[in-house]
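# Coordinates in review
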Amino acid sequence: MDISLLSDRCKVKHLTEDSIPEVYALCCKNSLYYQYCPPFVTAESIASDMIALPPNKDFSDKHYLGYYDGEKLIAVMDLILGYPDPAMAFIGFFMTDVSVQNAGVGSGIIDGLCSYLKNLGFSAVRLGWVRGNPQAEHFWKKNRFIETGATYNTDHYTVVLAQRSLT
Ligand SMILES: CC(C)(COP(=O)(O)OP(=O)(O)OC[C@H]1O[C@@H](n2cnc3c(N)ncnc32)[C@H](O)[C@@H]1OP(=O)(O)O)[C@@H](O)C(=O)NCCC(=O)NCCS
């Protein structure tokens, strides 16, 4: 994957441990998200997310990405290619900086991702949101993600699975 083709507006970089302070600064302002999806973010939880993999996947398919407007980190995405099946991609996490929210930035990033993945031959993008989180549900439905009907429970919340077809 050529991550420079994911966005025509932002510079996209793979984030590493050096980026944890700026990722934390972006995440910690999104308090609504952590009300629904506890625990609250820490530097350690970001470090752990950066190396987390679903079953049977390796780091060649994992892209923990930062979207930059100039020098400013404005969005973070955890993307797994070829999961849950080879023709699909999975967004494990997506968050924009509060300073750019509600201006179409998040939707533009998702559109750029979907058109690039479609060009690569992927058939769908899948993700989950925490049931009841109004911001996440509104955003993903607005971006043409449709509930698959599957959910799963954690100790603290229920995750609703949804996907957007690229065909
Ligand atoms: C969801 C998120 C990525 C959207 O990013 P964004 O840059 O604001 O995206 P857009 O501007 O393209 O769209 C935002 C939409 O959410 C809506 N929205 C914002 N806050 C909302 C809320 N509390 N309840 C319902 N809808 C809300 C906006 O009205 C807008 O929809 P509209 O265009 O129909 O009015 C961003 O709010 C975020 O990072 N939230 C915290 C993390 C999160 O929830 N991530 C997704 C779940 S994995």
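Scoring rules and cut-offs
Residues numbered from 1 in each chain as written. Predicted model: local features only at pLDDT ≥ 70, side-chain atom pairs only at ≥ 80, totals over all residues. Heavy atoms only, no water. Axes fitted to C-alpha atoms, helices over the stretch in contact; angles between N-to-C directions. Helix = DSSP H or I, 4+ residues; strand = E, 2+ residues; numbered from the N terminus. Parallel < 35°, antiparallel > 145°, perpendicular 65-115°, else oblique. Left-handed = near helix turned anticlockwise from the far one by under 90°. Contact = heavy atoms within 4.5 Å. Phe/Tyr/Trp six-rings, centres within 6.5 Å; stacked < 30°, edge-to-face > 60°. Buried < 20%, exposed > 50% of the residue type's maximum accessible area, 1.4 Å probe, protein only. Pairing = 2+ DSSP bridges. Salt bridge = Lys/Arg side-chain N within 4 Å of Asp/Glu carboxyl O.

### What about the packing of helix H1 (residues 20–27) against helix H3 (residues 43–51)?
Axis separation between H1 and H3 bottoms out at 10 Å; the angle between their running directions is 110°. Of the possible angle classes, the one that applies to H1 and H3 is roughly perpendicular. Crossing geometry of H1 relative to H3 is assigned as right-handed. Here Ile20, Val23 and Tyr24 of H1 lie close against H3, whose contacting residues are Ala43, Ile46, Ala47 and Met50.

### What about the packing of aromatic side chains?
The final tally for this structure, using the stated rule, is eight aromatic pairs. Measuring from ring centre to ring centre gives 5.7 Å for Tyr33 and Phe93, while their planes differ by 80°; the resulting arrangement is edge-to-face. Here Phe93 lies in strand S4 (residues 88–96) and Tyr33 lies in helix H2 (residues 31–36), a separation of 60 residues in the sequence. The class of Tyr33 is partly exposed, set by a relative accessible area of 22%.

### Focus on the sheet that holds strand S1 (residues 11–14)
Taken together, the seven strands give an open sheet; going across it, the order is S1-S2-S3-S4-S5-S7-S6, and neighbouring strands pair in mixed fashion. The sheet terminates laterally at S1 and strand S6 (146–153), the two strands that pair on one side only. Across the sheet, the mean angle separating the axes of adjacent strands is 30° when strand polarity is ignored. In this sheet, strand S7 (residues 158–165) lies alongside S6 in antiparallel orientation, the contact comprising five bridges. Counterpart to Asn153 in the pairing with S7 is Thr158.

### Describing the pattern of salt bridges
Inspection of the entire model under this criterion finds seven salt bridges. When the shortest N-O distance is used, the salt bridge between Asp97 and Lys29 registers 3.0 Å. A residue pair is termed long-range when its members are at least 10 positions apart, and Asp97 in the loop between S4 and helix H4 (105–120) and Lys29 in the loop between H1 and H2 qualify at 68 residues. Lys29 sits in the partly exposed class, given a relative accessible area of 40%. Among the salt bridges present, the one from Asp111 reaches Arg164, with a minimum N-O distance of 3.1 Å. Within this pair, whereas Asp111 is found in helix H4, its partner Arg164 is found in strand S7, the two being separated by 53 residues in sequence. On the accessibility criterion, Asp111 (37% relative accessible area) is partly exposed. What makes Arg164 buried here is its relative accessible area of 5%. Bridged by salt links that share partners, the residues Lys29, Lys72 and Asp97 form one connected network.

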